[in-house]
Amino acid sequence: MNGYDRNMFWQGHRPQSTSKIFLSLVLLTVIELVNTTVPCNQSCTKTIHKGVKLSKFMKRNTAELLKTYQASEGDFAKQFCKMQMDNVPASSLSGQTSSDRMFNIYTRLKEFQPHIKKVLKQQTVLLPLQSPLLNSLDETLQRTGHLAQGINCILQILQPNIPIFEPATSPTRIPLPQNVFQQKVYGCVVLTRLNEFLSRVVNELRSLKGSMCVKKKKKELW
């Protein structure tokens, strides 16, 4: 393929790919603004099972995504992914009770979403739009929202009479314009912390799986 053919190829394919990613980001923004109340109609057992299954799936996929990200950046030192950045959500999980920890997971997932979206936008500029990394980032962004919805449903089971307030603003602000190196580091830190956080989410949901629905059944019997 000569230079002219390559240019024609990109001109023919780039707008369609750009539109697809842009539409995905717009739809996610609309969902975030509108879908503040999540309908939870499934049983306790199914709800927690889906949460465990999705979190495990996301943990595996995010680990693969992180490897793909690092490989796509070329000569990129992995130690940069562990850099201290105050404007990226932490990977820690806190809370004294199950409800507290579930709410912490819910708010942290909500906190990660705009950062994943930012990384996707940055990589859309830096990478060819046919790159598998862009599709993986887009899927991760959507699944993060789905997992947050699942955690919302678990919270409604744990505390059925207590409203779940949406976090007003993210405690970690989206970074100001960055140069290419800063973007690479930022993206890697975001994905590294997300992967670490998902590991904690999986462990927490596993521990909850064996007790939450059993306790609920006992209460119903009484």
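As annotated in an unreviewed UniProt entry, the protein chain carries the name Ciliary neurotrophic factor and is attributed to Tachysurus vachellii. The heading Subcellular location (unreviewed entry) in the UniProt record of the protein chain holds the text "Cytoplasm". The record in UniProt for the protein chain states the following under Sequence similarities (unreviewed entry): "Belongs to the CNTF family."

1. Concerning a nonpolar patch on the surface
Among the surface-exposed residues, V125, L126 and V180 lie close enough to one another that they form a single nonpolar patch of about 250 Å² accessible area. Inspection of the secondary structure puts V125 in helix α3 (residues 98-126).

2. Some remarks on helix α2 (residues 44-72)
A rise of 1.5 Å per residue sets the reference length of α2, with its 29 residues, at 42 Å; its end C-alpha atoms lie 41 Å apart and thus fit the reference within 8%. Within the sequence span of α2, burial applies to C44, T47, I48, G51, V52, S55, M58, T62, L65, L66, Y69 and Q70.

3. Points about the side chain of T140
Mapped onto the fold, T140 is located in helix α4 (residues 132-158). Looking at T140, its side chain comes within polar contact range of the main-chain oxygen of S136, at 2.8 Å. In this structure, T140 is in contact with M58, L65, I116 and L194, ignoring residues within four places of it in sequence.

4. Some remarks on the pattern of salt bridges
The tally for this structure, following the rule as stated, stands at five salt bridges. In this structure, R101 and E204 form a salt bridge, with 2.8 Å as the shortest nitrogen-oxygen distance. Taken together, the residues span a long stretch of sequence, with R101 in helix α3 and E204 in helix α5 (residues 180-209) at a distance of 103 residues. Residue classification places E204 among the buried positions, given a relative accessible area of 12%. The partner of R143 in a salt bridge is E139, and the shortest N-O contact between them spans 3.8 Å.

5. Describing the packing of α4 against α5
At a minimum axis distance of 13 Å, the contact between α4 and α5 shows a crossing angle of 30 degrees. Comparing the axis directions of α4 and α5 gives the class roughly parallel. Once α4 is placed against α5, the crossing between them reads as left-handed. Residue-level contacts link L137, T140, L147, I151, I154 and L158 of α4 to L191, L194, L198, L205 and L208 of α5. The residue inventory of the contact of α4 with α5, partitioned by class, reads 10 nonpolar, one polar and no charged.

6. Considering the state of the cysteines
The full count for this structure, using the stated rule, is two disulfides. One disulfide in the model links C40 with C153; its S-S distance is 2.1 Å. Negative torsions about the S-S bond denote left-handed disulfides, and the value of about -80 degrees found for C40 with C153 makes this one left-handed. One end of the pair, C40, is in the loop between α1 (3-34) and α2; the other, C153, is in helix α4, and 113 residues separate them in sequence. For C40, a relative accessible area of 27% corresponds to the partly exposed category. With a relative accessible area of 11%, C153 lands in the buried category. The residue that forms a disulfide with C81 is C188, at a sulfur-sulfur distance of 1.8 Å. Between C81 and C188, the S-S dihedral sits near 70 degrees, and the bridge is therefore right-handed. Here the residue C81 occupies a position in the loop between α2 and α3, and C188 occupies one in helix α5, the gap between them amounting to 107 residues. Summarising the burial analysis for this pair, C81 and C188 share the class buried.

The rules behind the values
Residues numbered from 1 in each chain as written. Predicted model: local features only at pLDDT ≥ 70, side-chain atom pairs only at ≥ 80, totals over all residues. Heavy atoms only, no water. UniProt positions renumbered as here; feature names shortened; annotations may be inferred. Patch = residues over 30% accessible without salt bridge, like charges linked within 9 Å, V, L, I, M, F, W, Y side chains within 5 Å. Areas by Shrake-Rupley, 256 points an atom, 1.4 Å probe, with all protein chains shown as cover. Salt bridge = Lys/Arg side-chain N within 4 Å of Asp/Glu carboxyl O. Helix = DSSP H or I, 4+ residues; strand = E, 2+ residues; numbered from the N terminus. Expected span 1.5 Å × (residues − 1). Buried < 20%, exposed > 50% of the residue type's maximum accessible area, 1.4 Å probe, protein only. Polar contact = N/O pair within 3.5 Å; in protein donor to acceptor, adjacent residues only side chain to side chain. Contact = heavy atoms within 4.5 Å. Axes fitted to C-alpha atoms, helices over the stretch in contact; angles between N-to-C directions. Parallel < 35°, antiparallel > 145°, perpendicular 65-115°, else oblique. Left-handed = near helix turned anticlockwise from the far one by under 90°. Nonpolar A, V, L, I, M, F, W, Y, C, P; charged D, E, K, R; others polar. Disulfide = S-S within 2.5 Å.

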